[in-house]
Amino acid sequence: MGILQNKIDFVVFVSVAMANPNGDPLNGNSPRTDYNGLGEISDVCVKRKLRNRMQDLGQAVFVQSADRCNDGCGSLSERAAAVLGKAKEFKDSDAYAQKACETWLDVRSFGQVFAFKDTKGMSIGVRGPVSVHQGVSLSPVQVEDMQITKSVNGEASDKPRSSDTMGMKHFVRFGFYKIKGSINVQLAKKTGFTEEDAEVLKECLRTLFVNDASSARPDGSMEVVKLYWFRHNCEEGQYSSAKVHRSVQAELTVSDTLPVCAEDYQITLEPLDGLNPEILDGI
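Notes on the structure follow. (Residues numbered from 1 in each chain as written. Predicted model: local features only at pLDDT ≥ 70, side-chain atom pairs only at ≥ 80, totals over all residues. Heavy atoms only, no water.)

Some remarks on the packing of aromatic side chains
This is how the line gets drawn: Only centres within 6.5 Å qualify two rings of Phe, Tyr or Trp (six-membered ring in Trp) as a pair; their planes then separate them into stacked at under 30 degrees, edge-to-face at over 60, and tilted for everything else. A run of DSSP states H or I qualifies as a helix once it reaches four residues; a run of E qualifies as a strand once it reaches two. Both are numbered from the N-terminal end. Exposure categories follow from relative accessible area, calculated using a 1.4 Å probe and restricted to protein chains: below 20% of the type maximum is buried, above 50% is exposed, and the middle band is partly exposed.
Enumeration according to the criterion identifies seven aromatic pairs in this entry. Seen from their ring centres, F13 and Y228 are 6.2 Å apart, and the 85 degrees between their planes marks the pair as edge-to-face. Here the residue F13 occupies a position in strand β1 (residues 8–19), and Y228 occupies one in strand β11 (residues 222–231), the gap between them amounting to 215 residues. Residue classification places F13 among the buried residues on the basis of a relative accessible area of 0%. What makes Y228 buried here is its relative accessible area of 6%.

Topic: the packing of helix α1 (residues 43–56) against helix α6 (residues 195–206)
Let me state the cut-off plainly: For helices, the axis comes from a line fit to the C-alpha atoms of the stretch in contact; other axes are also lines fit to C-alpha atoms, and the angle between any two N-to-C directions lies between 0 and 180 degrees. Throughout, the term roughly parallel applies to angles under 35 degrees, roughly antiparallel to angles over 145, roughly perpendicular to angles from 65 to 115, and oblique to all others. For any helix crossing, the convention is left-handed if the near helix is rotated counterclockwise from the far helix by under a right angle, and right-handed if that rotation is clockwise. The contact criterion used is simple: two residues touch if any of their non-hydrogen atoms lie within 4.5 Å.
Two elements in contact, α1 and α6, have axes whose closest approach is 9 Å; the angle formed by their N-to-C orientations is 115 degrees. Overall, the two elements α1 and α6 adopt an arrangement that is roughly perpendicular. Helix-helix and strand crossings are classified by hand; for α1 and α6 the assignment is right-handed. Taken together, the residues of α6 that come into contact with α1 (itself represented by L50, R53 and M54) are L201, C204 and L205.

Brief notes about α1
Let me state the cut-off plainly: One less than the residue count of a helix, multiplied by 1.5 Å, gives the span that helix is expected to have.
Between its first and last C-alpha atoms α1 spans 20 Å; for 14 residues at 1.5 Å apiece the expected length is 20 Å, and the two agree. Counting buried residues in α1 gives 10 out of 14 residues, a clear majority hidden from the surface. Check the buried side of α1 and you find it contacts β4 (38–41), α4 (105–110), β5 (111–114), β7 (130–132), β10 (166–183) and α6.

Digging into the nonpolar core
This is how it is decided: In this description, a nonpolar core means a group of buried Ala, Val, Leu, Ile, Met, Phe, Trp, Tyr and Cys residues linked to one another through side-chain atoms lying within 4.5 Å.
The biggest cluster of nonpolar side chains holds 37 residues, and the ones touching the most others in it are F10, L50, I183 and L201. For this core, the element with the highest residue contribution is β1, accounting for six residues. For I183, the contacting residues outside a window of four places in its chain are L4, K7, I8, F10, P129, V130, F193, A198, L201 and W229. Counting residues in each nonpolar core, the second largest holds 16 residues, with F62, V63, V107 and F116 among its members.

Details of unusual backbone geometry
With a phi angle near 55 degrees, M18 is a residue other than glycine that sits in the positive phi range. Not every positive phi belongs to a glycine, and N211 is a case in point at roughly 60 degrees. In this fold, N211 is placed in the loop between α6 and β11.

Things to note about helix α3 (residues 93–103)
Of all the residues in α3, the buried ones are A95, Y96, A97, A100 and C101. Structurally, α3 contributes buried residues whose contacts are with α2 (76–84), α4, β5, β6 (124–127) and α5 (185–191).

Pasting the structure below:
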């Protein structure tokens, strides 16, 4: 497949039940919320999950988390040097950036800044065509705290010490989140982002929480409910991304109780002349 030729917008609806979708390190790792009580999932968190899924699908990824490292490199600079060699070996920064884009899917998707010791004291930046908004819940979320205890001491001690040291877990009882994003054709041409790459990204979005289970996010607690994939008929797009994203809404259908499941929301699609999305169920 060749370089992407048509602008793409996408909207993803995600349900969260009894889980912490994205902890805030400045608030004791409690689920992120705004001042109105709406739940938030940072764009960085979404991209981390997308990178993990890219790896699962056999794609080369530059920004690997420590627990998913598959090449033995302990840092980004080490990975860049091992694969690309020294920056001084390239005739210019554009050649270095081009090689990086050819090598790693996440670089040609999201972009990357290469600011390592061997880059001759300068930063080599790549602007990626894929932009992802932070996820925001459609209704205020109910954040709950659970006090937990340890059944055994982590370290031996000469002093008597109870094994029931207190700890806390934080979770959202239920939340329904909307995540938006776009793929820019002009930037895709610069990084070499292809039609095949777009298909990989679509599958990553559809299966966003596969292999993502943890104590904070038990298997089945987070689910992609629907993915709306808008493929325009031109490079610039038939409509602005903002208008496309607004065309997909979800309304709460219960008024006397708090929402407890995805079925408590009705997703509606405002028709846009000449632009019909591909609608996919998530996994």
